[in-house]
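Next come the chains, spelled out residue by residue.
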Amino acid sequence: SEVQVANPGEYVDGGEIRRCSPGYYCTGGADPTRPCEAGKYNPNYTQWECMDCEFGRYQPLSAQTDCNLCEPGHSCGTVGASFMRECDPGTFTEEYGQLSCTQCPQGTYQASTGQQNCTVCPDEDNTW
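Residues numbered from 1 in each chain as written. Predicted model: local features only at pLDDT ≥ 70, side-chain atom pairs only at ≥ 80, totals over all residues. Heavy atoms only, no water.

(A) Local environment of the overall build of the protein. Within the protein, the secondary structure is distributed over zero helices and 14 strands. Each helix and strand of the protein, ordered N terminal to C terminal, gives the series β-β-β-β-β-β-β-β-β-β-β-β-β-β. In terms of overall size, the protein is more extended than a compact globule, its C-alpha atoms giving a radius of gyration of 22 Å where 128 residues would be expected to give roughly 14 Å. For the protein, the residues scored as buried account for 28% of the 128 residues in total. Residue pairs in contact within the protein that sit at least 24 positions apart in sequence constitute 29% of those at least 6 positions apart. Charged side chains of the protein number 6 positive and 18 negative; the gap between the two group centres comes to 12 Å. (Helix = DSSP H or I, 4+ residues; strand = E, 2+ residues; numbered from the N terminus. Rg over C-alpha atoms; globule rule 2.2 N^0.38 Å. Buried < 20%, exposed > 50% of the residue type's maximum accessible area, 1.4 Å probe, protein only. Contact = heavy atoms within 4.5 Å. Lys, Arg positive; Asp, Glu negative; His and termini not counted. Charge placed at Lys NZ, Arg CZ, Asp CG, Glu CD.)

Structure follows, in structure tokens:
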């Protein structure tokens, strides 16, 4: 019997050559289909590699077809992020898709992590 060899973007299943599905990649030959790992995605059929999540996005799961926008109170400043980073105390983000957290403005503070705003300091406790 003849051995089937798949092209990149395809895989062999029960002697049949099939297109690689979105969320997966196929290197061809006799290799099986493989899920895109966390921090990567693939929206298309017949792909031989997965794409990294872009700056401002993340993907915690494998076998996905897109990446999530980083949520307010968090940053996603690396390519291929598999998680959101919480803003540290003294910093915040108000919008989705932020690469870094912003320092609280003069006269405001934030004591907690993962916040979307800062609080105005009481007059007697002004921070600079």
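(B) How the structure looks around the pairing of strand β1 (residues 10-13). In this structure, β1 lies alongside strand β2 (residues 16-19), joined through four bridges in antiparallel fashion. By the bridge assignment for β2, E10 is matched with R19. Adjacent in sequence and paired antiparallel, β1 and β2 are bridged by two residues, among which G14 carries a positive phi angle near 60°. (Pairing = 2+ DSSP bridges.)

(C) Highlighting the state of the cysteines. Inspection of every chain in the model, using the stated rule, returns six disulfides. Disulfide pairing places C53 opposite C67 at an S-S distance of 2.0 Å. Its S-S torsion of about -80° marks the bond between C53 and C67 as left-handed, since a negative value means left-handed. Pair noted here: C53 is in the loop between β6 (51-52) and β7 (57-58) and C67 is in the loop between β7 and β8 (68-69), with a separation of 14 residues, a long-range link. (Disulfide = S-S within 2.5 Å.)

(D) Summary view of the packing of aromatic side chains. What the rule picks out here adds up to zero aromatic pairs. The ring centre of Y45 lies 4.0 Å from the NZ or CZ of R19, which sits over that ring. (Phe/Tyr/Trp six-rings, centres within 6.5 Å; stacked < 30°, edge-to-face > 60°. Lys NZ or Arg CZ within 6 Å of the ring centre and 35° of its normal.)

(E) Quick look at the side chain of T108. Tracing the backbone through its elements, the reader meets T108 in strand β13 (residues 108-109). Of the residues examined, T108 reaches a relative accessible area of 16% and is grouped as buried. Of note is the side chain of T108, whose polar atom sits 2.6 Å from the backbone oxygen of P105. (Polar contact = N/O pair within 3.5 Å; in protein donor to acceptor, adjacent residues only side chain to side chain.)

(F) A nonpolar patch on the surface, seen in detail. Residues F55, V79 and L99 make up a contiguous nonpolar surface patch of about 280 Å² in total accessible area. Examined against the element boundaries, L99 turns out to sit in the loop between β11 (91-92) and β12 (102-103). (Patch = residues over 30% accessible without salt bridge, like charges linked within 9 Å, V, L, I, M, F, W, Y side chains within 5 Å. Areas by Shrake-Rupley, 256 points an atom, 1.4 Å probe, with all protein chains shown as cover. Salt bridge = Lys/Arg side-chain N within 4 Å of Asp/Glu carboxyl O.)

(G) Representation of the side chain of H74 in the model. In this structure, H74 sits in strand β9 (residues 74-75). With relative accessibility at 14%, the residue H74 sits in the buried group. In this structure, H74 is in contact with M84, R85, E86, C87, T93, Q98 and C101, ignoring residues within four places of it in sequence.

(H) Region of the structure containing the pattern of salt bridges. The final tally for this structure, using the stated rule, is two salt bridges. Across the pair R18 and D13 runs a salt bridge whose closest N-O atoms are separated by 3.0 Å. Of the residues examined, R18 reaches a relative accessible area of 36% and is grouped as partly exposed.

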